[in-house]
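Secondary and tertiary structure notes
Listed below are the residues making up each chain.
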Amino acid sequence: RPDLEKARESSAKALELDPDLAEAHAAHGSVLFAQGHMPEAEAAFRRSVELDPRLFEARYFHARACFQQGNFEQAAELFREASDVREDYPSSFFAAQSLEALDRHEEATAAYGDALAVAERHMELNPDDPRAATMRAVALCRLGRVDEGLEWADRALTIDPEDAGVRYNAACLFAVADRPERALECLQEAVDVGFGNKAWLERDPDLDGLRAHPQFQALLATM
């Protein structure tokens, strides 16, 4: 993609100007990750953390790269480290997801409780953040509070019905809540309005209940 190539050139130029700038290594790693150059991306993220151990972005995007490769052990660790650097609802939520993918259910439940608390604090200041609302919804559902989770999912879809990430997260909620038809509907809508991260979709434990469904397989085949 031309935009990614331009971003890669820009981050490489920043590193030429200052090879010890942690933010430039993190940015370069993010672009390499988006282009699928995983070993080079991970090396850039590690170098960024060496230069600035408190840089949130390096840990967060390194964690996402690990998650997409199915390296959930390292993803969970890095997402937790990112959350320690900066309170952040996606980091807290994805740490819980990574533990769930590892079948470490007791730890995952505790982590979903933490993620719910972070999302609630975030939404006190940002009540119209639809992505926070969907992650809050999934956390509630994972904690057995299904009806509350469904209410928050509907609220998120009302706030921004066109956001692909919101549609995707709502699909996850409906899958966890054992509403497969609604989940598949939202998932198709997410792809239709721009969700294209097939690797994440293939790894996401929230969608495990859909994987054997022919409609899910057909959707994967189109991505």
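Everything below is about the structure printed above this text.
Note that the structure is predicted; figures quoted are calculated from it, not measured.

All right, on to the overall build of the chain then. Scanning the chain from terminus to terminus reveals 13 helices and zero strands. Relative to the compact-globule value of 17 Å for 223 residues, the chain shows a C-alpha radius of gyration of 18 Å, a close match. Seen through its C-alpha atoms, the chain measures out along the principal axes to roughly 55 × 35 × 35 Å. Here the chain holds 223 residues, and 49% of them are scored as buried. Entry remark: accessible area of the chain is about 10,700 Å², with carbon and sulfur atoms responsible for 48%. Here the chain contributes 24 positive and 43 negative side-chain charges, whose respective centroids are spaced 2 Å apart.

A few words on helix 7 (residues 105–125). Relative to the 30 Å expected for 21 residues at 1.5 Å per residue, helix 7 spans 30 Å between its end C-alpha atoms, a close match to the ideal helical length. In this structure, the buried residues of helix 7 make contact with helix 6 (89–101), helix 8 (130–142) and helix 9 (146–159).

Direction vectors running N to C along helix 4 (residues 56–68) and helix 5 (residues 72–85) enclose 160°, while the axes themselves pass 8 Å from each other. With respect to their mutual orientation, helix 4 and helix 5 come out roughly antiparallel. Read as a crossing pair, helix 4 and helix 5 show a hand that is left-handed. Residues F56, R59, Y60, H62, A63, R64, C66 and F67 of helix 4 touch helix 5, and the partners they reach there are F72, Q74, A75, L78, F79, E81, A82 and V85.

What follows deals with the side chain of H25. With respect to the helices, strands and loops of the structure, H25 is situated in helix 2 (residues 22–34). Discounting residues that sit within four places of it in the chain, H25 has contacts with L15, P19, A44, R47, S48 and L51.

Turning to the pattern of salt bridges, a few remarks are in order. A pair can form between side chains of opposite charge whenever their charged atoms are brought close. Tallied over the full model, the rule gives 15 salt bridges. Here R47 and E50 are joined by a salt bridge, their closest N and O atoms 3.1 Å apart. Within this pair, R47 and its partner E50 are both found in helix 3 (residues 38–51), separated by three residues, close to a single helical turn. Note on R47: relative accessible area 31%, which makes it partly exposed.

Packing of helix 2 against helix 4 leaves a shortest axis separation of 9 Å and a crossing angle of 20°. In this view, helix 2 runs roughly parallel relative to helix 4, as classed from their interaxial angle. Relative to helix 4, the crossing made by helix 2 is left-handed. On the side of helix 2, the interface is formed by A26, S30 and F33, while helix 4 contributes A58, F61, R64, A65 and Q68.

In this section: helix 6. For helix 6, which comprises 13 residues, the first-to-last C-alpha distance of 18 Å matches the rise-based estimate of 18 Å (1.5 Å per residue) to within 8%. With respect to burial, helix 6 is a largely interior element, 12 of its 13 residues being buried. When we look at burial in helix 6, the residues that qualify are Y89, P90, S91, S92, F93, F94, A95, A96, Q97, S98, L99 and E100. Residues of helix 6 that are buried make contact with helix 4, helix 5, helix 7, helix 8 and helix 12 (198–203).

With 63 residues, the main nonpolar core has F79, Y168 and F174 as its most contacted residues. Looking at this core element by element, the count peaks at nine residues for helix 10 (residues 164–176). Those residues in contact with F79 that sit more than four places away from it in its chain are Y60, A63, R64, F67, S91, F94, A95, S98 and W200. Judged by nonpolar contacts, the second largest core, of six residues, contains L32, F33, M38 and A41.

Turning to the packing of aromatic side chains, a few remarks are in order. Summed over all chains, the structure comprises 10 aromatic pairs. With centroids separated by 5.5 Å and ring planes inclined at 45°, the aromatic side chains of F79 and F94 adopt a geometry described as tilted. Residue F79 is found in helix 5, and its partner F94 is found in helix 6; the two are separated by 15 residues along the sequence. Here F79 falls in the buried class, since its relative accessible area comes to 0%. Arranged with centres 5.0 Å apart and planes meeting at 70°, the rings of F94 and W200 form a pair that is edge-to-face. Residue F94 is located in helix 6, and its partner W200 is located in helix 12; the two are separated by 106 residues in the primary sequence. Like W200, F94 is buried. Feature note: the residues F56, Y60, F61, F67, F72, F79, F93, F94, Y112 and W200 constitute an aromatic cluster, connected by ring pairs. Across the ring face of F56, the terminal group of R86 is positioned such that the distance to the ring centre comes to 4.0 Å.

Definitions and cut-offs
In this convention, every chain numbers its residues from 1, walking through the sequence in written order. Under the rules for a predicted model, residues below a pLDDT of 70 receive no local features and side-chain atom pairs below 80 are neither given nor counted, while totals for whole chains, interfaces and linings still include all residues. With hydrogens and water set aside, each side-chain value is computed from the structure's full complement of heavy atoms. Numbered from the N terminus, helices here are DSSP runs of H or I no shorter than four residues, and strands are runs of E no shorter than two. Put simply, the radius of gyration uses C-alpha atoms, and a globule should come to 2.2 Å times the residue count raised to 0.38. For every residue, the accessible area (1.4 Å probe, protein chains only) is compared with the maximum for its type, and the residue is labelled buried under 20%, exposed over 50%, or partly exposed between those bounds. We get accessible surface area from the Shrake-Rupley algorithm with a probe of 1.4 Å; when it comes to residues, only the shown protein chains can shield them. Counted charges follow a simple rule, with Lys and Arg positive, Asp and Glu negative, and His plus the chain ends left uncounted. Taken as the charge centre is NZ of Lys, CZ of Arg, CG of Asp or CD of Glu, depending on the residue. Given the number of residues in a helix, its expected span is that number minus one, multiplied by 1.5 Å. We call two residues in contact when some of their heavy atoms are within 4.5 Å. Here an axis means a line fitted to C-alpha atoms, over the contact stretch when the element is a helix, while the angle between two N-to-C directions is reported on a 0 to 180 degree scale. Geometric relationships in this document are graded by angle, where less than 35 degrees denotes roughly parallel, more than 145 denotes roughly antiparallel, 65 to 115 denotes roughly perpendicular, and other angles denote oblique. It is the rotation of the near helix from the far one that decides the hand of a crossing: anticlockwise by less than a right angle makes it left-handed, clockwise makes it right-handed. For salt bridges, the criterion is a side-chain nitrogen of Lys or Arg within 4 Å of an Asp or Glu carboxyl oxygen. By nonpolar core is meant a set of buried Ala, Val, Leu, Ile, Met, Phe, Trp, Tyr and Cys residues that side-chain atoms within 4.5 Å join together. Put simply, two rings from Phe, Tyr or Trp (the six-membered ring, in Trp's case) pair if the centres are within 6.5 Å, and we call them stacked under 30 degrees between planes, edge-to-face over 60, tilted for the rest. In this scheme, the term charge over a ring applies when either NZ of a lysine or CZ of an arginine sits within 6 Å of the ring centre and within 35 degrees of the ring normal.

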